[in-house]
Amino acid sequence: MSMRQLLSVDTCEGQLSGSECDSIVVSRITASVLAVLGCSFVVGMIVLFKTYHNYGQRLILNLTIAAFLNTAPYFMGRQRDSFGCTAQAFIITWFNWNVLVWVLCITHKLGLNILREDAGERWERTYHLCGWGIGLVFAIIPLAMDMYGPSGVWCWVKDNEDATTALRFGIWYVPLWIGIVILSVANFSIIRNVRKRERRWEGTYNPDVVAEKEFLRAQVAPIKWYPLVYMACMVFPTVNRIQNAASPDQPVFSLLLLHSLSSPLQGLINSVIYAYNTDAATWKQCTPAGIRRALRFRRGGSVGNFNSQPLVDNQPGRELSNDSDGDSDDNLGDH
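Keep in mind that this is a model prediction, so the values were computed, not measured.

1. A word on the environment of leucine 268
Among the structural elements, leucine 268 can be located in helix α10 (residues 266-276). Remark: the alpha-carbon pair of leucine 268 and valine 42, spanning 226 residues in sequence, is separated by 9.6 Å. When neighbours within four sequence positions are excluded, leucine 268 is seen to be in contact with Leu34 and Ala35.

2. As for the confidence of the model for the protein
Residues with a pLDDT of 70 or more make up 75% of the protein, whose mean pLDDT is 76. Put simply, strand β3 (residues 311-312) is where the protein has its lowest mean pLDDT, 31, and helix α5 (residues 124-144) is where it has its highest, 95. Low pLDDT, under 50, characterises residues 1-11; the stretch is placed with 35 contacts to residues that sit more than four places away or in other chains. The model gives residues 302-335 a pLDDT under 50, and that stretch makes 85 contacts with residues more than four places away or in other chains.

3. Brief notes about empty space enclosed by the protein
A full pass over the atoms with the stated rule returns four cavities of 30 Å³ or more. When its volume is computed, the largest cavity comes out at roughly 120 Å³. Forming the walls of the largest cavity are Tyr74, Ile92, Asn96, Trp154, Trp156, Trp172, Tyr173, Met234, Pro237, Arg241, His259 and Ser263. By residue number, the principal contributor to the lining of the largest cavity is helix α8 (residues 225-246), which donates three residues.

4. A short note on helix α3 (residues 55-69)
Spanning 15 residues, α3 covers 21 Å between terminal C-alpha atoms, matching the ideal 21 Å at 1.5 Å per step. Of all the 15 residues making up α3, eleven are buried; the element is thus mostly covered by neighbouring parts of the structure. Tyr55, Gly56, Gln57, Leu59, Ile60, Leu61, Asn62, Leu63, Thr64, Ala66 and Ala67 are the residues of α3 that are buried.

5. Description of a nonpolar patch on the surface
Taken together, the side chains of Val235, Phe236, Val239, Leu258 and Leu261 define a hydrophobic patch exposed on the protein surface, amounting to about 320 Å² of accessible area. Only α8 and α9 (253-262) provide two or more residues apiece to the nonpolar patch. Ranked by the residues each element gives to the nonpolar patch, the list is headed by α8, at three residues. With respect to the element layout, leucine 258 can be found in helix α9.

6. Details of the packing of aromatic side chains
Following the criterion strictly, the structure yields twelve aromatic pairs and no others. Ring geometry for tryptophan 123 against tyrosine 127: centres 6.3 Å apart, planes inclined by 25 degrees, an arrangement best described as stacked. Tryptophan 123 sits in the partly exposed class, given a relative accessible area of 30%. Put simply, the rings of Trp97, Phe138, Trp156, Phe169, Trp172 and Tyr173 pair up and form one aromatic cluster.

7. What to know about the state of the cysteines
By the definition in use, this model includes one disulfide. Here cysteine 85 connects covalently by a disulfide to cysteine 155, the sulfurs 2.0 Å from one another. In this structure, the disulfide formed by cysteine 85 and cysteine 155 twists by about -110 degrees around the S-S bond and is classed as left-handed. Highlighted residues: cysteine 85 in helix α4 (residues 82-115) and cysteine 155 in strand β2 (residues 154-157), separated in sequence by 70 residues. Cysteine 105 provides the cysteine sulfur closest to cysteine 130, a residue in no disulfide bond, and the two sulfurs are 5.8 Å apart.

8. Concerning the packing of α3 against α10
At a minimum axis distance of 9 Å, the contact between α3 and α10 shows a crossing angle of 155 degrees. Relative to α10, α3 is oriented roughly antiparallel. Crossing of α3 over α10 shows left-handed handedness. On α10, the residues touching Gln57, Ile60, Leu63 and Ala67 of α3 are Gly267, Asn270 and Tyr274.

9. Overview of the side chain of threonine 93
Assignment of secondary structure puts threonine 93 in helix α4. Within the local environment of threonine 93, its side chain forms a polar contact with the side chain of tyrosine 148, the two groups lying 3.3 Å apart. Those residues within four positions of threonine 93 in sequence are excluded, and the remaining contacts are Phe138, Ala139, Tyr148, Trp156 and Ile171.

10. Description of the nonpolar core
Counting residues in each nonpolar core, the largest one holds 45 residues, and the members touching the most others are Trp156, Trp172, Leu176 and Tyr230. Of all the elements in the fold, those that place two or more residues in this core are α2 (18-48), α3, α4, β2, α6 (164-201), α8 and α10. Looking at this core, the element that brings in the most residues is α4, giving eleven residues. Not counting chain neighbours up to four residues away, the residues in contact with tyrosine 230 comprise Asn96, Val99, Leu100, Val103, Trp172, Leu176, Ile180 and Gln266. Formed by six residues, the second largest nonpolar core is a distinct cluster that contains Cys85, Ala89, Tyr148 and Cys155.

11. Description of unusual backbone geometry
Note on backbone geometry: most residues besides glycine have negative phi, and most peptide bonds are trans. Located in the positive-phi region is aspartate 146, a residue other than glycine, with phi close to 55 degrees. Among the secondary structure elements, aspartate 146 is positioned in the loop between α5 and β1 (148-151). For aspartate 146, a relative accessible area of 54% corresponds to the exposed category.

About the thresholds
- Residues numbered from 1 in each chain as written.
- Predicted model: local features only at pLDDT ≥ 70, side-chain atom pairs only at ≥ 80, totals over all residues.
- Heavy atoms only, no water.
- Helix = DSSP H or I, 4+ residues; strand = E, 2+ residues; numbered from the N terminus.
- Contact = heavy atoms within 4.5 Å.
- pLDDT = per-residue confidence, 0-100.
- 1 Å grid on protein atoms, 1.4 Å probe; cavity = no way out; pocket = protein on both sides within 12 Å on 5 of 7 lines; lining within 4 Å.
- Points joined across faces, edges and corners; volume = space filled by probe spheres on them.
- Expected span 1.5 Å × (residues − 1).
- Buried < 20%, exposed > 50% of the residue type's maximum accessible area, 1.4 Å probe, protein only.
- Patch = residues over 30% accessible without salt bridge, like charges linked within 9 Å, V, L, I, M, F, W, Y side chains within 5 Å.
- Areas by Shrake-Rupley, 256 points an atom, 1.4 Å probe, with all protein chains shown as cover.
- Salt bridge = Lys/Arg side-chain N within 4 Å of Asp/Glu carboxyl O.
- Phe/Tyr/Trp six-rings, centres within 6.5 Å; stacked < 30°, edge-to-face > 60°.
- Disulfide = S-S within 2.5 Å.
- Axes fitted to C-alpha atoms, helices over the stretch in contact; angles between N-to-C directions.
- Parallel < 35°, antiparallel > 145°, perpendicular 65-115°, else oblique.
- Left-handed = near helix turned anticlockwise from the far one by under 90°.
- Polar contact = N/O pair within 3.5 Å; in protein donor to acceptor, adjacent residues only side chain to side chain.
- Core = buried A, V, L, I, M, F, W, Y, C linked by side-chain atoms within 4.5 Å.

This is the structure:
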């Protein structure tokens, strides 16, 4: 039995050759496995070292969980029956939305930090409501219209229906690119604000100013990549769907392949961003001895109980005592 027979959906047959179907399926599963590994790394780091006490880290944790769940439909295999295909399509719509909204929530939180000097913790419940609820609403719309079904190499909004193009772009691609524009504008405003402050400080030396500069760099450094990476991941799926709308009976293999590769990779790329912005002190704990200590203290106080160095708060010039849970540490960049 071929990989295509085991893993692909029925609609691959008749549209593409068997080898092309195999290539798409293998690329999709490979990208999903890498995404699962990346998400597992981030969740493991946050849980092991108890950085979820940090508000910003909790937001990253939720984004990672959403990206992890977003790989689920790619492991569902070949869906022959109507119920399985509908379930796969529903999950794809819901979790794609979850990833987008959590990226928007993180950017909103950092905008509050930088532009308004507001920790924004009162927004956490709203973030959860939006992060998991908005996508659910959009996923229900095609379900209520009985529009989920075979769509290229997987199940989503049905091919070759009168409302196919309008529904695909209405429930996902138009909101997606509106969200990306919002992300880009928000991050541009944040970065411009930080640069204005840095220019204002030029030519002067003050330890407090230097500390604040480093604090701002730490806040901005990680977030500037989220919209760019997210936009890159969404380019090929968007182009592929445009081509589907223009020529529904003539799928382009290269676009389908790139779509299959880029869609699940958000989790992996998020883990790379997380690793890049993880501070040296945390990496030094990622030794067999450090991990054993972390596991030993999991049921005790915070991980800081066994650290040789004090935990440093993100506010310049301040340190947290070893018994602090880190709630005041709101930086998304310092892990």
